[in-house]
Amino acid sequence: MVEKELLIANPSGLHTRPAKKIVDEAKKFASEITIVKGTLSGNAKNLIKLMKLGITMGTAITIRCDGEDESVALEAIEALIAGLSE
Amino acid sequence: MDDLRIEVRTLSPGVACGPAVFAERAPVARERKDIPESDRPGERTVLGSALARSIEELKGLAAQVGADLGKDKAEIFESHADILDDEEFQGDMYRLIDDEGYSAAVAVCEVAEKNALEMEGLEDEYFRARADDFRDIGKRVVSHIAHIEARANGTARNETFSGGQKRFPVTPSIVVAPSLSPSETVSFCLSNVLGFVVASGGTNSHAAILARSLGIPAVVATADILSRIECGARLVLNLERDTLIIHPCEETLNLAERAKAAERRRRERLAELACLPAETLCGRRIGLYANAGNMKDLPSIAASNPDGIGLFRTEFLFMEQTVFPTEAAQAVHYKRVLDSMNGKPVVFRLLDIGGDKPLPYAPHPKENNPFLGWRGIRYLIDNPDILISQVRAMLSASAASGRKVRIMVPMVCSPSEMRVVRDIIERECAELGGEAMVGMMVETPAAAMTVPAFKGISDFISIGSNDLTQYTLAADRENELLGNLYSEFHPGVLALMRKAANDARDCGMETGICGEFASTPEGALYLAAMGFDELSMSYGAIPAIKEIIRGIRIDEAERLLDEALAMRSAAETRKLARDFIDQKGLGA
């Protein structure tokens, strides 16, 4: 299992559209991908679960990947979040 | 162009002119929770096609809006399509059909609402607002289910207007319809509704009340009106009092435009009053409160700067559901209402349901006369679970917001009924904290005549003038055969209101009124004379009533009331007040 902490920088946080991009990306990998915010966590392959984390700008989140392609998956999700713009 | 004049009755005042469009009733989806196992695959198929059509429709809308208005405007539709495409979201719906035997429509509503409530629990306002997205998505799918079912039954009609989709009318128009339910009234694209013409419906029907609170002119004509207007025909409403003009000539159109401009100027004048208190010339301050029920109205209500909410109808919260809302979900709603008013008083009315407006998920026995039946506090006392959970939710909301909550009990006849509620409040308060006042609605003549018997049990009274009038005159307010018989201006009704107000004041109770009566200028004049502390009304009526209050003295209003109470008919007492107001140059 690998994980990494990130700060969400785009102004409206992980609202529906950006969340959907993460879901689409996450689904390309076999690993289990979880996004953790404080005590809450959600499956990155499920749009509604991700929305319900209510991740706003400035929120610190942890991406956790577990599976055969975990390192590639982590890198891909990290790059996607870094590149999110409104 | 021939200026064809038709006599109509005004439901909501104001001049309107524009082309006619027809609203046909959208088919209604099957709402059942007892689908036999053998029929469940059929429900699954209906759900599957409705989901596919909804997604297709949303993607089409996104493409069209993207091309017309820009990519950012299309995002809402794209994200709705994304949410709807979610496997688990759909899976939850299928599970409710398979495991619980819900019909497709009920399964959709349930899942959409469950998600909406979870979103509402989030801290960030942007995410909280996504709750409505889930509800919108649910409505869209349900309307497709309804159309699929209607086609299967051969009852499909021309789909001019499909409920729940806020795209009708597409251009500014006057909506012509057989009748309107409150939910239909609000499901239109309201910025494009210039006015309503309906073939049936009373002045006090819920749709009429809604039209007034939205400030949209509305008239009711006779049943044949639908065949006399063709789609696209120009209409002018209320240029002359209670008149509909079809095919207006150029000159009439000009006059209508000028009248609309005059109305606009008057509205601007009233808007200037918004920040001033409702204080009579002799210095008596009267609270002007808003009636509310729909969460969507809260921002507009707060913007109209009332002194508080004098009636929050909790039925809306219950009616929009498919199961009883939990105590926690109710508490979230009530807290939002309290917070929206920023510390100004809010009066919540306990669930007021009966045989005429049952909840879809709580079967109600058939009663010969539901208005005289198992309703209001009578129903609640017999269903203590509902009563206790509602009181607890209100107290939790009070404790969480640090604001006092005012709880109002509907349909009271005897002190013992108030005692039940008071005891529950005291008991639950000890556990949950929070601070509550409890008051009685005065809707029955029995309550109006015996206010002193409630001393020490009821902290305030609020006259429910609509029901008090209908019970006092034994006249159904929606029965058109009774014409003008139903009127709050009947001297008998006025006398009852005055007695209740005087007695309540003598017992140290606060006095309020929350019926439509308070939103008429003539009514407000008499109510000021009776010494009411607060008048609660559709928020749209507040500026006009404030103008009346600020233009009168209490002693002259009292003299007028004495004169009215010696009169013999509602028409006379209303005219007396009207003439007084006109003479003062108040009002339109």
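Residues numbered from 1 in each chain as written. Chains lettered and ligands numbered in written order. Predicted model: local features only at pLDDT ≥ 70, side-chain atom pairs only at ≥ 80, totals over all residues.

Asks: Help me understand the interface of chain A and chain B, please; the structure alone is not making it clear to me.
Replies: How big an interface is tends to be stated in terms of the accessible area lost upon association of its parts. Counting residues at the interface gives 12 residues for chain A and 16 residues for chain B. In the side of chain A that touches chain B, the residues fall into 3 nonpolar, 6 polar and 3 charged. (Contact = placed C-beta atoms within 7 Å. Nonpolar A, V, L, I, M, F, W, Y, C, P; charged D, E, K, R; others polar.)

Asks: Whenever I open this one, the confidence of the model for chain A confuses me. Can you help?
Replies: Close reading of the predicted structure is inappropriate where its pLDDT is low. On average, residues of chain A score 88 in pLDDT, and 98% of them reach the 70 mark or higher. Confidence, read as mean pLDDT per element, is least for helix 1 (residues 16-26) of chain A in chain A (87) and greatest for strand 2 (residues 32-37) of chain A (94). (pLDDT = per-residue confidence, 0-100. Helix = DSSP H or I, 4+ residues; strand = E, 2+ residues; numbered from the N terminus.)

Asks: Got a minute to help me understand the packing of helix 19 (residues 521-529) of chain B against helix 20 (residues 542-550) of chain B in this structure?
Replies: Geometry of a packed helix pair, given as the angle between the helix axes and the separation of the axes. Residue and element names in this part refer to chain B. Remark: helix 19 packs on helix 20, axes separated minimally by 10 Å, with the N-to-C direction vectors making an angle of 45 degrees. If you check the angle between helix 19 and helix 20, you find them oblique. In terms of crossing hand, the pair formed by helix 19 and helix 20 is right-handed. Between helix 19, through Pro-521, Ala-524, Leu-525 and Ala-528, and helix 20, the contact on the second element is made entirely by Ala-544, Ile-545, Ile-548 and Ile-549. When the residues that make up the contact of helix 19 with helix 20 are grouped by side-chain class, the tally is 8 nonpolar, no polar and no charged. (Axes fitted to C-alpha atoms, helices over the stretch in contact; angles between N-to-C directions. Parallel < 35°, antiparallel > 145°, perpendicular 65-115°, else oblique. Left-handed = near helix turned anticlockwise from the far one by under 90°.)

Asks: Hey, could you run me through the nonpolar core in this one?
Replies: The tendency in soluble globular proteins is for nonpolar side chains to be buried as a group. Residue and element names in this part refer to chain B. Formed by 94 residues in total, the largest nonpolar core has its most connected members in Met-394, Ile-407, Val-409, Ala-500, Leu-525, Leu-535 and Ile-545. For this core, the leading source of residues is helix 18 (residues 491-506), giving 7 residues. When near neighbours in sequence (up to four residues on either side) are disregarded, Ile-545 contacts Leu-288, Ser-519, Pro-521, Ala-524, Leu-535 and Met-537. (Core = buried A, V, L, I, M, F, W, Y, C linked by C-beta atoms within 7 Å. Buried ≥ 20, exposed ≤ 12 C-beta atoms within 10 Å, placed from the backbone.)

Asks: Help me understand helix 2 (residues 71-84) of chain B in this model?
Replies: Side chains three or four residues apart in an α-helix point the same way, a direct result of the helix having 3.6 residues per turn. The terminal C-alpha atoms of helix 2 of chain B, which comprises 14 residues, lie 20 Å apart, in line with the 20 Å expected from a rise of 1.5 Å per residue. Bending of helix 2 of chain B peaks at approximately 25 degrees at the position of Phe-77 of chain B. Turning to helix 2 of chain B, its buried residues number three or more, namely Ala-74, Glu-78, Ser-79, His-80, Ala-81, Asp-82, Ile-83 and Leu-84 of chain B. Looking at the buried side of helix 2 of chain B, the elements it contacts are helix 1 and helix 2 (47-51) of chain A together with helix 1 (40-69), helix 3 (87-100) and helix 5 (125-153) of chain B. (Expected span 1.5 Å × (residues − 1). Bend = angle between axes of the 7 residues up to and from the residue.)

Asks: Teacher, can you tell me more about the environment of Leu-74 of chain A here?
Replies: Residue and element names in this part refer to chain A. Looking at the element boundaries, Leu-74 is found in helix 3 (residues 70-82). Leu-74 gets classed as buried once you count the C-beta atoms within 10 Å, which come to 21. For Leu-74, the residues in contact, after removing those within four places along its chain, are Val-2, Lys-4, Ile-63 and Cys-65.

Asks: Would you explain the environment of Val-142 of chain B in this entry?
Replies: When you line up the elements, Val-142 of chain B lands in helix 5. Expressed as a C-alpha distance, the spacing of Val-142 of chain B and Val-28 of chain B, which sit 114 residues apart in the sequence, is 8.6 Å.

Asks: Help me understand the sheet that holds strand 2 of chain A, please; the structure alone is not making it clear to me.
Replies: Two strands in a sheet stick together by hydrogen bonds in their backbones, pointing the same way (parallel) or opposite ways (antiparallel). Residues and elements named next belong to chain A. Taken together, 4 strands build an open sheet; the order of strands is 1-4-2-3 and the sheet is antiparallel. Where the open sheet ends on each side, the last strands, each with one partner, are strand 1 (2-7) and strand 3 (40-43). When strand polarity is set aside, the average angle formed by the axes of neighbouring strands in this sheet is 25 degrees. Sheet topology places strand 1 next to strand 4 (residues 60-66); 6 bridges connect them, and they run antiparallel. Looking at strand 4, one finds that Glu-5 is bridged to Thr-62. (Pairing = 2+ DSSP bridges.)

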